[in-house]
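Results of the structural survey
Residues per chain are reported as follows:
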Amino acid sequence: LFESMTDHLIDEADNIAIDDDFEFVQEGQWFVLELADGKQVFGQALRKWRGKSPPIKINRRSYSTTSIIGLPYGTVLELGKNKLIHLPNEQDLVPGMLPDDTVANNIDQANDNRKLVDNNNSQALKQHELKKLRSEGTDGSEIIQSLIKNSATFDSKTEFSKAKYIARKQMKYQPRGRLVRCTSRTICQAMYLKDSKKIMNLREDTIGQMLSFSNVCAGFQVLVFDMAMGIVTGSLAQRMGGFGKILCLYTGQQPSCIDMLERFNLTFTENHSIKWLHSEDIFINAHGEYPDEDDVEAQDRDTLKWPCPLQGHTRKYLEGLEDEKELKTFLTKRCNRFARKLTRTSPLEARAMLLTHPSDSILIATRGDPTETLLGMLPYLGPSCPFVVFCEYMEPLAHCLLELQENNLAINLRLTDTWMREYQVLPGRTHPNMHMSQNGGFLLVGIKLDPKTRVNKMDEDKRKEIRGKMCGRRGKGKKKRSTDDIYNKIDQGKEKKLKEN
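The notes below deal with the structure included here. Not measured: the values here are computed from a predicted model.

It is worth spelling out the overall build of the chain at this point. Across its full length, the chain carries 19 helices and 16 strands. The proportion of buried residues among the 501 residues of the chain is 37%. For the chain, the share of sequence-separated contacts (at least 6 apart) that also reach a separation of at least 24 residues comes to 71%. Here the chain displays about 31,700 Å² of accessible surface, and carbon together with sulfur accounts for 50% of that area.

In structure tokens form, the structure reads like this:
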């Protein structure tokens, strides 16, 4: 019975992996909730969360995420008293923020704001009355209507002032959020808004340039040293789609970015493509002088058999379960645990991958010295392959660039900085936003030269051969044709067509 149940779960998991619709929120997935005031909060779709940290916490209040399972991404939710309320598709984060252009052009602006005085006496509704309404669970729209009725200066405001007043009260008493899928852009943007120092001021446009300059695609072997909470590693895994190898270096006893990688909602193959390698194997044992040691993890993995037989105490526990749902849940977790054990790559196997095959690209985001880090990892990069180094300061990268130029280690060296600013684009109201990020870090990009020659020059014979195939240089090697030659060629073409007819 248990073996048949296990086989059924394996087939069911395969079908889920193939037929799963990624446009909807699935149970266990992480998501980003974009609030109307610009904040972004991480959450996890769970049915039960007792005894664990809350799936989502907004303004010191915990909410259940059971109701959002199965909803499409992009859905607008309203924050109720203890739950998230699903709104219709036509609703927006802040409905009716400004009047339409057709209405705005026909408005007779008889009112203006010149007589308005901000003395906190225009609102008749007191603070304790507002708290009572919110504690009783009154709907946010009713509270806003009460504020409008009890405002002595609302009718004297202009139409745009009224719309902004309503929008400001909606964000406070009727908060809403939008479901957004966790990708490298959304995760990086949410972490940058929350605490940019934790991710070394790595902005979403900078991570896009790193992936583009490194020329990473499916099937590559990439060597990564990520100290930006795993955002670079997770972005690589999503981009490669599980095809290829990501050799990720870590310091300490174990990788510290596992929690962040879970927020990328990586599939089993994408998680399996990440191979963990200790930094000591590169920066200390740089000449390949490794002691002879047995791969204990690989030996333990080889002793396992699939399907793994049930032990006596486990069989007794399962026989005592009466609920079929609990039995299915237990066997699912057991299958997943043994599947991870059977497919896990040991550190010695990851080291062998690094030594036997040169990497196709290197990405570095470190808080330490980028020069020493890059020079230690550069021998494991193949010739004519790109590397990208990210640092939040320019001076260490400038020193690294000079070191590479003096030793003829790379070509096409570029030290770049991106300046990004968001704009509000509306008819007649287009302007840059007042608040912007000053710096998203600096990038050093280059291509490694052959370590034997360290020269980027071709032989003269090879150069002549290429010129011959390209019909000489531009403007040379080709005879200029006169107008008579052109007309003669046109007449020959016409005669040829007449003969064919």
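Back to the write-up after that little detour.
Attention now moves to the packing of aromatic side chains. As enumerated under the stated definition, the model contains three aromatic pairs in all. Between Phe225 and Phe283, the aromatic rings sit 6.0 Å apart at their centres with planes inclined by 50°, giving tilted as the arrangement. One end of the pair, Phe225, is in strand S8 (residues 221-226); the other, Phe283, is in helix H11 (residues 280-283), and 58 residues separate them in sequence. You can call Phe283 partly exposed: its relative accessible area is 33%. Residues Tyr250 and Trp276 carry aromatic rings whose centres are separated by 6.4 Å and whose planes lie at 80° to one another, so their mutual orientation is edge-to-face. Of the two residues, Tyr250 is situated in strand S9 (residues 245-250) and Trp276 in strand S10 (residues 274-278); the sequence distance between them amounts to 26 residues. For Tyr250, a relative accessible area of 14% puts it in the buried group. Positioned above the aromatic ring of Phe213 is the side chain of Arg414, whose terminal nitrogen or guanidinium carbon lies 5.1 Å from the ring centre.

Alternating positions in strand S5 (residues 76-79) separate into two faces, Val76 and Glu78 on one and Leu77 and Leu79 on the other, with burial throughout. Sheet topology places S5 next to strand S7 (residues 176-181); three bridges connect them, and they run antiparallel. Paired with Val76 across the two strands is Arg178, which belongs to S7. Inspection of the sheet shows S5 paired to strand S6 (residues 84-86) by three bridges, in the antiparallel sense. The residue bridging Leu77 from the neighbouring strand is His86, located in S6. The turn joining S5 and S6, which pair antiparallel and follow one another in sequence, is formed by four residues.

So, about a positive patch on the surface. Taken together, the side chains of Arg61, Lys81, Arg134 and Lys172 make up a positively charged region of the molecular surface. By the secondary structure assignment, Arg61 is in strand S4 (residues 61-63). Since its relative accessible area comes to 40%, Arg61 is described here as partly exposed.

Looking now at the environment of Arg134. Along the chain, the position of Arg134 falls in helix H3 (residues 127-135). Linking Arg134 and Lys81, residues 53 residues apart in sequence, is a C-alpha distance of 8.6 Å. Residues in contact with Arg134, not counting those within four places in the same chain, are Ile143, Lys172 and Tyr173.

As a further point, take the pattern of salt bridges. Should the charged atoms of two oppositely charged side chains come close, the side chains can pair. Taken as a whole, this structure holds five salt bridges when the rule is applied. Two residues, Glu27 and Arg47, come together in a salt bridge whose shortest N-O distance is 3.2 Å. With a gap of 20 residues between them, Glu27 in the loop between helix H1 (2-19) and strand S1 (30-35) and Arg47 in the loop between strand S2 (40-44) and strand S3 (56-58) connect regions that are remote in the sequence. For Glu27, a relative accessible area of 49% gives the class partly exposed. On the basis of relative accessibility, which here comes to 48%, the residue Arg47 falls in the partly exposed class.

Reading guide: rules and limits
Each chain carries its own residue numbering, running from 1 in the written order of its sequence. Thresholds applied to this predicted model are a pLDDT of at least 70 for local features of residues and 80 or more for the giving and counting of side-chain atom pairs; totals over whole chains, interfaces and linings are not thresholded and use all residues. Values reported for side chains reflect all heavy atoms of the structure, with hydrogen atoms and water molecules removed beforehand. Only DSSP runs of H or I with at least four residues qualify as helices, and only runs of E with at least two residues qualify as strands; both kinds are numbered from the N terminus onward. Three exposure classes are used, based on accessible area relative to the maximum for each residue type with a 1.4 Å probe and protein chains only: buried under 20%, partly exposed in between, and exposed over 50%. It only takes one pair of heavy atoms within 4.5 Å for two residues to be counted as in contact. For the accessible areas, the method is Shrake-Rupley and the probe is 1.4 Å, while residue cover comes only from the protein chains on display. What counts as a ring pair is set by centres within 6.5 Å for rings of Phe, Tyr and Trp (its six-membered ring), and what kind of pair is set by the plane angle: stacked under 30 degrees, edge-to-face over 60, tilted for all other angles. Geometrically, a lysine NZ or arginine CZ counts as sitting over a ring once it is within 6 Å of the ring centre and also within 35 degrees of the ring normal. In this scheme, strands are said to pair when DSSP sees at least two bridges between them. Nonpolar side chains (Val, Leu, Ile, Met, Phe, Trp, Tyr) within 5 Å and like charges within 9 Å form the patches, drawn only from residues with over 30% relative accessible area and no salt bridge. Each reported salt bridge corresponds to a side-chain nitrogen of Lys or Arg within 4 Å of a carboxyl oxygen of Asp or Glu. Charge counting follows a simple rule: Lys and Arg are positive, Asp and Glu are negative, and His as well as the terminal groups are ignored. Charged groups are reduced to one reference atom each: NZ for lysine, CZ for arginine, CG for aspartic acid, CD for glutamic acid.

Geometry only, nothing functional implied.
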